[in-house]
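An overview of the molecular structure
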Amino acid sequence: IIFKVRSDGAKAENAAHPSCLLRELKKSSEAPASWSATDGLVHNLTTTLAIHRPSGPAAAVVATGIFSDDEDVLTLRLDDEKLLLTRAGMEPLLLDDVYVPGTLFDFMLIVEDGRARAFYKGASLEAWSLERDNLHFRAGCEVRLPAAGGGASGDHWLGEVEIQKLYVTHKS
C-alpha cells in the first residue's frame, strides 16, 4: 500500500497535521482499539516499509507509531535525512543518520509489562518504561511542517510511505 499526503491535505477531526493512516480497531468491530501497556498482553506491530523523502524543505514524514488519543507516544519518522524513533518525554533514538529515501526496512514495536522495545532491521535498539493507557497503533503517512509553514505561501509538499507488510497482534 502506498500512502501519499500533501502538506495542504485533509486532516482528521482535531488533528494538527494532514495524514492518510490506518488506525487500529477492535477485532471484528468498527470501534477504535484502546489498550494499556500494563494489561498483561504482548502488543506487537511489525512492518516492512519505505519512507520517501518529502518533496519540500523542512517537512517530516511520520510512518507509524503508538498513540494515545491524538498524542504521540512513539513515532517512526523521517526528518530531513534522519530516520528517528521519537518517544514522548524522552530523547529520540537515531535509527539512521543518512537514510536513503525509498529503501525498504523492517521495523517492530513490542509493548508488554509496562516496557516498550523497538527493533530496526532485525536488531534490538533499546527498551524503556512505558506505563500508559488508551493506546493504539497507526500506520500510513503524516506530513509535519515546522510551525512557520516551512516555505512560501502556496507551496505544497508531498509525503509518501510504502508499506509492504504490516502485522498487529495482541497476545497473552
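The coordinates are above.
Since this is a predicted model, take the numbers as computed values, not measurements.

1. Regarding the pattern of salt bridges
All chains considered together, the criterion is met by seven salt bridges. With a closest N to O distance of 3.4 Å, Asp-79 and Arg-77 form a salt bridge. According to the relative accessible area criterion, Asp-79 is partly exposed, its value standing at 30%. Linked by salt bridges that have partners in common, Asp-72, Glu-142 and Arg-144 make up one network.

2. A short note on unusual backbone geometry
Even without being glycine, Asp-80 reaches a positive phi, approximately 65°. Positionally, Asp-80 belongs in the loop between strand E5 (71–79) and strand E6 (82–87).

3. Some points on the packing of aromatic side chains
As enumerated under the stated definition, the model contains three aromatic pairs in all. Geometrically, the ring pair formed by Trp-35 and Phe-137 is tilted, given 5.1 Å between the ring centres and 45° between the ring planes. With Trp-35 in the loop between strand E2 (19–23) and strand E3 (42–52) and Phe-137 in strand E11 (residues 135–144), this pair connects stretches of sequence that are 102 residues apart. Phe-137 shares its class with Trp-35; the two are buried. Centre to centre, the rings of Tyr-99 and Phe-105 are 5.6 Å apart; their planes meet at 85°, and the pair counts as edge-to-face. Considered together, Tyr-99 and Phe-105 belong to a single accessibility category, that of buried residues. One aromatic cluster in this structure is built from Tyr-99, Phe-105 and Tyr-120. One Lys or Arg, Arg-87, reaches over the ring of Trp-128 and ends 4.8 Å from the middle of that ring. Sitting over the face of the ring of Phe-67, Arg-138 holds its NZ or CZ atom 4.1 Å from the ring centroid.

4. Comments concerning the sheet that holds strand E7 (residues 90–96)
Taken together, the six strands give an open sheet; going across it, the order is E2-E11-E4-E5-E6-E7, and neighbouring strands pair in antiparallel fashion. For this open sheet the edge positions go to E2 and E7, each flanked by a neighbour on one side alone. Between one strand axis and the next, the sheet turns through 20° on average, direction left out of account. Looking at chain direction, strand E4 (residues 60–68) and E5 are connected through eight bridges and run antiparallel. Note on E5: the bridge partner recorded for Ser-68 is Glu-71.

Rules used throughout
- Residues numbered from 1 in each chain as written.
- Predicted model: local features only at pLDDT ≥ 70, side-chain atom pairs only at ≥ 80, totals over all residues.
- Heavy atoms only, no water.
- Salt bridge = Lys/Arg side-chain N within 4 Å of Asp/Glu carboxyl O.
- Buried < 20%, exposed > 50% of the residue type's maximum accessible area, 1.4 Å probe, protein only.
- Helix = DSSP H or I, 4+ residues; strand = E, 2+ residues; numbered from the N terminus.
- Phe/Tyr/Trp six-rings, centres within 6.5 Å; stacked < 30°, edge-to-face > 60°.
- Lys NZ or Arg CZ within 6 Å of the ring centre and 35° of its normal.
- Pairing = 2+ DSSP bridges.
- Axes fitted to C-alpha atoms, helices over the stretch in contact; angles between N-to-C directions.

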